[in-house]
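# Secondary and tertiary structure notes
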Amino acid sequence: MPPLGEVARVFLRLGLTSFGGPAAHIAMMEDELVRRRQWLPREEFLDLLGATNLIPGPNSTELAIHLGHRRAGWPGLVVAGVCFIVPAMLLTLAAAWAYVRFGTLPQAGALLYGVKPVILAVVLQALWGLGRTALTTRPRVAVAVGATVASALGVNELLILAVSGMALAAWLRARSTPPPGSTLALAPFALQGAAAVTATASVPFSLGGLFLFFVKVGSVLFGSGYVLLAFLRADLVEHWGWLTEAQLLDAVAVGQFTPGPVFTTATFIGYLVGGVPGAGLATLGIFLPAFVFVAISGPLVPRLRRSRTAGAVLDGVNAASLALMAVVTWQLGRAALVDAWTVALGVVGAVLLLRWRVNSAWLVLGGAAVGLLLAL
């Protein structure tokens, strides 16, 4: 199959089966594209993952866009991102329609009951493989441990990444004098973390205003779904009154239980306030900056790796990224392993993955089926 067709098929499947949030999405991409298809070595995958943490926007979607570009050039960049987003967007749109029509959300508890333990096994396997590649020196291990502790204590994710990168670069500089190289290439992206969505006066709803609002959110947002919730609440609920508090919480919930990017919360909100056109514009607005940022930053990644100082920063960011994934995995484990059935699902998933290398997508579908059967 030509590379572009392969990119479309792979990311459509990932978009349909990648439950569990960004850490799970990244783990499934590593399993499918590094271990199985061998599109790129694990070291390069880690560099792309580190690069996504230096720019605003949805990390797993940006990683998909990077990987599509790596496999099939500029057309692959667009195809991978669109194919990863569209399944989640359509499922979220269907949920929004049901919500407006019937006044409630579709029940997804049984589905997630079976999926979460299996996802936990997939993420742990990816962490093990990526960790063996990234944490090859004592300073990197020390950075990862420090980042894990900081994340567990609630330190801001962007601050952890910045300090980790600079710490490893400082260690390198203390040991030897590196050749000329600058980490300033990171500044245009890292400094955007200081941006914030500004409060505006109450305004009437318009499709143009909706689109521009989500472009703004996609352009400046670092962090988790909880950060997204804070951004949306400030303007959509408090300042503009376009949504109620309950509607916003339901929108974020839908983004959590559908597969693919959590940012498809925008699709749900767009439909509530502007119908199908609103859903389309909100989705386009929040994801468009990700394509732009990846297109700009992608060519810089090989240059960063060639510079010893910038390469050390990237190594530190990579180590910290894995630490953040580990903390999320711990939190996922506490939420997923709630009884004997879920523990058994997690163990069986791990055995199938490690012993027989079963594709992670099949494991997710199997876990969903078991969860639904147990709910009957």
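The rules behind these values
Residues numbered from 1 in each chain as written. Predicted model: local features only at pLDDT ≥ 70, side-chain atom pairs only at ≥ 80, totals over all residues. Heavy atoms only, no water. Helix = DSSP H or I, 4+ residues; strand = E, 2+ residues; numbered from the N terminus. Buried < 20%, exposed > 50% of the residue type's maximum accessible area, 1.4 Å probe, protein only. Contact = heavy atoms within 4.5 Å. Areas by Shrake-Rupley, 256 points an atom, 1.4 Å probe, with all protein chains shown as cover. Core = buried A, V, L, I, M, F, W, Y, C linked by side-chain atoms within 4.5 Å. Axes fitted to C-alpha atoms, helices over the stretch in contact; angles between N-to-C directions. Parallel < 35°, antiparallel > 145°, perpendicular 65-115°, else oblique. Left-handed = near helix turned anticlockwise from the far one by under 90°. Nonpolar A, V, L, I, M, F, W, Y, C, P; charged D, E, K, R; others polar. Patch = residues over 30% accessible without salt bridge, like charges linked within 9 Å, V, L, I, M, F, W, Y side chains within 5 Å. Salt bridge = Lys/Arg side-chain N within 4 Å of Asp/Glu carboxyl O. Phe/Tyr/Trp six-rings, centres within 6.5 Å; stacked < 30°, edge-to-face > 60°. Lys NZ or Arg CZ within 6 Å of the ring centre and 35° of its normal. UniProt positions renumbered as here; feature names shortened; annotations may be inferred. Expected span 1.5 Å × (residues − 1). Arc of directions from axis to C-beta.

## Observations regarding the overall build of the protein
Of the regular secondary structure elements, the protein holds 16 helices and 0 strands. A total of 376 residues make up the protein; the buried ones form 52% of that total. Expressed as a percentage of contacts within the protein between residues at least 6 apart in sequence, the contacts between residues at least 24 apart total 76%. Total accessible area on the protein stands at roughly 16300 Å², and carbon and sulfur atoms take up 68% of it.

## Description of the nonpolar core
If you look at the biggest cluster of nonpolar residues, it comprises 85 residues, and the most contacted ones within it are Phe11, Met29, Phe45, Leu67, Phe214 and Leu236. Counting residues in each nonpolar core, the second largest holds 13 residues, with Ala169, Leu172, Val313 and Leu324 among its members.

## Some points on the side chain of His66
Structurally, His66 can be placed in helix H4 (residues 59-102). Under the relative-accessibility criterion, His66 is labelled buried at 4%. When residues no more than four places from it in sequence are discounted, the contact partners of His66 are Leu48, Ala51, Thr52, Val294, Ser297 and Gly298.

## Looking at the packing of helix H5 (residues 109-134) against helix H14 (residues 308-336)
Two elements in contact, H5 and H14, have axes whose closest approach is 10 Å; the angle formed by their N-to-C orientations is 160 degrees. Regarding the angle of H5 to H14, the classification is roughly antiparallel. Read as a crossing pair, H5 and H14 show a hand that is left-handed. Counted together, Lys116, Pro117, Ile119, Leu120, Val123, Leu124, Leu127, Leu130, Gly131 and Ala134 of H5 and Leu322, Met325, Ala326, Thr329, Leu332, Gly333 and Ala336 of H14 form the full contact between these two elements. Here the residues of the contact of H5 with H14 sort into 13 nonpolar, 3 polar and 1 charged.

## Description of a nonpolar patch on the surface
On the surface, a cluster of nonpolar side chains totalling about 610 Å² of accessible area is made up of Val141, Val145, Val149, Leu153, Val155, Leu159 and Val163. Of all the secondary structure elements, the ones that give two or more residues to the nonpolar patch are helix H6 (138-152) and helix H7 (157-175). Mapping Val155 onto the fold places it in the loop between H6 and H7.

## Digging into the packing of aromatic side chains
Applying the stated rule across the entire model yields 7 aromatic pairs. Measuring from ring centre to ring centre gives 5.0 Å for Phe213 and Phe214, while their planes differ by 70 degrees; the resulting arrangement is edge-to-face. Judged by relative accessible area, which is 2%, Phe213 ranks as buried. Exposure remark for Phe214: the relative accessible area of 0% places this residue in the buried category. Taking 4.5 Å as the distance between ring centres and 45 degrees as the angle between the ring planes, the aromatic pair formed by Trp240 and Trp242 counts as tilted. In this pair, the class of Trp240 matches that of Trp242, namely buried. Through successive ring pairs, a cluster of aromatic residues spans Phe205, Phe213, Phe214, Trp240 and Trp242. The cationic tip of Arg355 hangs over the ring face of Trp356; the distance from NZ or CZ to the ring centre is 5.3 Å.

## Observations concerning the UniProt feature "transmembrane region" (unreviewed entry) in the protein
Taking the UniProt record as the reference, the feature "transmembrane region" (unreviewed entry) is found at residues 77-99, 111-130, 142-172, 210-232, 268-297, 309-330, 336-354 and 359-375. Between the C-alpha atoms that bound residues 336-354 there is a distance of 20 Å. The span itself is 84% helix and 0% strand. Annotated as 94% helix and 0% strand, the span residues 359-375 places its first and last C-alpha atoms 25 Å apart.

## Details of the pattern of salt bridges
Tallying each qualifying case throughout the model produces 14 salt bridges. In this structure, the salt-bridge partner of Asp31 is Arg36, at a minimum N-O distance of 3.3 Å. Put simply, Asp315 and Arg140 hold a salt bridge, and the shortest N to O gap is 3.1 Å. Note that Asp315 is positioned in helix H14 and Arg140 in helix H6, a separation of 175 residues in sequence. Through salt bridges with shared partners, a single ionic network connects Glu6, Arg13, Glu32, Arg37 and Arg71.

## Looking at the side chain of Glu6
When you line up the elements, Glu6 lands in helix H1 (residues 3-17). With a relative accessible area of 10%, Glu6 lands in the buried category.

## Observations regarding the packing of helix H3 (residues 42-52) against H4
The geometry of H3 relative to H4 is characterised by a closest axis approach of 9 Å and an angle of 135 degrees between their N-to-C directions. With respect to each other, H3 and H4 are oriented oblique. Between H3 and H4 the crossing geometry is right-handed. Every residue of H4 that contacts H3 at Glu44, Phe45, Leu48, Leu49, Ala51 and Thr52 is listed here: Asn59, Glu62, Leu63, His66, Leu67 and Arg70.

## A short note on the environment of Gly146
Tracing the chain through its elements places Gly146 in helix H6. Separated by 18 residues in sequence, Gly146 and Ser164 have C-alpha atoms that sit 8.3 Å apart.

## Looking at helix H16 (residues 360-375)
The first and last C-alpha atoms of H16 sit 23 Å apart over 16 residues, in line with the 22 Å expected at 1.5 Å per residue. Those residues of H16 not exposed but buried are Ser360, Ala361, Leu363, Val364, Gly367, Ala368 and Gly371. The buried side chains of H16 occupy one side of the element, clustering within an arc of 165 degrees when seen end-on. Every exposed residue of H16 that faces more than 90 degrees away from the buried side is listed here: Trp362 and Leu373. At its buried positions, H16 is contacted by H1, helix H2 (22-36), H5 and helix H15 (340-355).

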